[in-house]
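# Fold and geometry: a report
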Amino acid sequence: MYINKPIEEMEIMSMSIILALLAAVFASFTAILAKIGIEKVDSNLATAVRTIVVVIMAYLMVVITGETESILTISVKSYIFLILSGLTTGLSWICFFKAIQIGDVSKVVPIDKSSVVLTILLSFIILREPATALVVSGGVIISIGTFVLIGKDRKKTSKKKVFNTKSYIFLAVLSAIFAAATNILAKIGIEDVDSNVATFIRTVVIIIFAWGIVFFQGTFKDLKKISKKSYLFLFLSGAATGLSWLCYFGALAIGKVSVVNPIDKFSVVLTMILSFIILKEKPTMNTIAGAILITIGTALLIF
């Protein structure tokens, strides 16, 4: 009995790592597909459109796993934290998609993913997860890699460009802060709750939040103006987000936040590679060096 327990714990940890890596793969496609689909579309409206696909996928997974009845049996505490997690996710999304609309994906994503540092710190302080040498080392290296990625643009730019640069960096930082809060709130809310059900509840909150903003702004009138190409890529981006979330919250339910979250954020490296290949963004020494550091930090967390 005692001999099998460590083996069982290792198997659970391995499964959480695999799910986190899958979440990273799907998340990397999310940003690229959204960048293509968001062209000439209001960022908040694009977020609302994407969320339709995510909520449908989340509900289908609840139906497939036979957990529909459990939605009514969740504790008040879990509901509160899952709703709060959904709200912070919505705020993070709004900041993130506005940032990638006016900035480079290869620069915005690394800043947004710096939420891993805050998440690790909060997991130690709030969730009382053990601060092992590998987790701390991996977190520090990932942090250094993120700052290297951000770097400094030495090229001369116009006043308008400088304003846009500061704007999207500020939005990406806000996105990271809200994302860190999301992870901790979700971990607390997901206790004794099926991960698919938790994802569905959070997504319902996000879709209400996103469409509320769209109707408040009056941008829902622009739905007819969105091209078929944009709709296609926004739907594909939503599907990638849904798959990423299902994997991520599945990993979060059985694994440690301080390990699962940083591995999921490895998507930053995959996103950068895809942005160079698909979006034709130019790689710099900073982005290459930062990507290598983040890869090393993620490897430490896995092993």
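Below, the discussion takes up the side chain of Ser175. Tracing the chain through its elements places Ser175 in helix α7 (residues 159–189). Excluding residues that lie within four positions of it along the chain, Ser175 makes contacts with Ser92, Cys95, Phe96 and Asp112.

Moving on, we get to the pattern of salt bridges. Throughout the structure, instances matching the rule amount to one salt bridge. The partner of Lys225 in a salt bridge is Asp222, and the shortest N-O contact between them spans 3.6 Å. Exposure remark for Lys225: the relative accessible area of 68% places this residue in the exposed category.

Here the focus is the packing of helix α2 (residues 43–64) against helix α8 (residues 195–217). Running from amino to carboxyl end, α2 crosses α8 at an angle of 155°, the nearest separation of the two axes being 8 Å. Here α2 lies roughly antiparallel to α8, going by the angle between them. In the packing of α2 onto α8, the handedness of the crossing is left-handed. Considered class by class, the residues forming the contact of α2 with α8 number 19 nonpolar, six polar and no charged.

Here we come to the environment of Leu185. Looking at where Leu185 falls in the secondary structure, it is placed in helix α7. Leu185 gets classed as buried once you look at its relative accessible area, which sits at 17%.

Bringing the confidence of the model for the protein chain into the picture now. Looking at the protein chain as a whole, the pLDDT averages 82, with 90% of positions reaching at least 70. A low-confidence stretch, residues 153–163 stays under pLDDT 50, and its non-local contacts, those more than four residues away or across chains, total two contacts.

This part covers the packing of aromatic side chains. Here a ring pair, both rings aromatic, is described through the centre-centre distance and the interplanar angle of the planes. A full pass over the atoms with the stated rule returns nine aromatic pairs. Measuring from ring centre to ring centre gives 6.3 Å for Trp245 and Phe249, while their planes differ by 90°; the resulting arrangement is edge-to-face. Taken together, the residues span about one helical turn, with Trp245 and Phe249 both in helix α9 (residues 228–254) at a distance of four residues. Ring-pair connections join several aromatic residues into one group, and the members of that group are Trp93, Phe96, Phe97, Trp245, Tyr248 and Phe249.

Another point: unusual backbone geometry. In the Ramachandran plot, Arg128 falls in the positive-phi region, its phi being about 60° despite a non-glycine side chain. Tracing the backbone through its elements, the reader meets Arg128 in the loop between α5 (115–125) and α6 (133–150). Its relative accessible area of 69% is what places Arg128 among the exposed residues. In this structure, Lys280 is a non-glycine residue whose phi angle is positive, near 60°. With respect to the secondary-structure elements, Lys280 resides in the loop between α11 (267–277) and α12 (285–302).

A few words on a nonpolar patch on the surface. Among the surface-exposed residues, Leu118, Leu121, Ile125, Ile126, Val173 and Ile177 lie close enough to one another that they form a single nonpolar patch of about 510 Å² accessible area. Of all the secondary-structure elements, those providing two or more residues to the nonpolar patch are α5 and α7. In terms of residue count, the dominant contributor to the nonpolar patch is α5 (three residues). Structurally, Ile177 can be placed in helix α7. Classification of Ile177 as partly exposed rests on a relative accessible area of 44%.

Definitions and cut-offs
- Residues numbered from 1 in each chain as written.
- Predicted model: local features only at pLDDT ≥ 70, side-chain atom pairs only at ≥ 80, totals over all residues.
- Heavy atoms only, no water.
- Helix = DSSP H or I, 4+ residues; strand = E, 2+ residues; numbered from the N terminus.
- Contact = heavy atoms within 4.5 Å.
- Salt bridge = Lys/Arg side-chain N within 4 Å of Asp/Glu carboxyl O.
- Buried < 20%, exposed > 50% of the residue type's maximum accessible area, 1.4 Å probe, protein only.
- Axes fitted to C-alpha atoms, helices over the stretch in contact; angles between N-to-C directions.
- Parallel < 35°, antiparallel > 145°, perpendicular 65-115°, else oblique.
- Left-handed = near helix turned anticlockwise from the far one by under 90°.
- Nonpolar A, V, L, I, M, F, W, Y, C, P; charged D, E, K, R; others polar.
- pLDDT = per-residue confidence, 0-100.
- Phe/Tyr/Trp six-rings, centres within 6.5 Å; stacked < 30°, edge-to-face > 60°.
- Patch = residues over 30% accessible without salt bridge, like charges linked within 9 Å, V, L, I, M, F, W, Y side chains within 5 Å.
- Areas by Shrake-Rupley, 256 points an atom, 1.4 Å probe, with all protein chains shown as cover.

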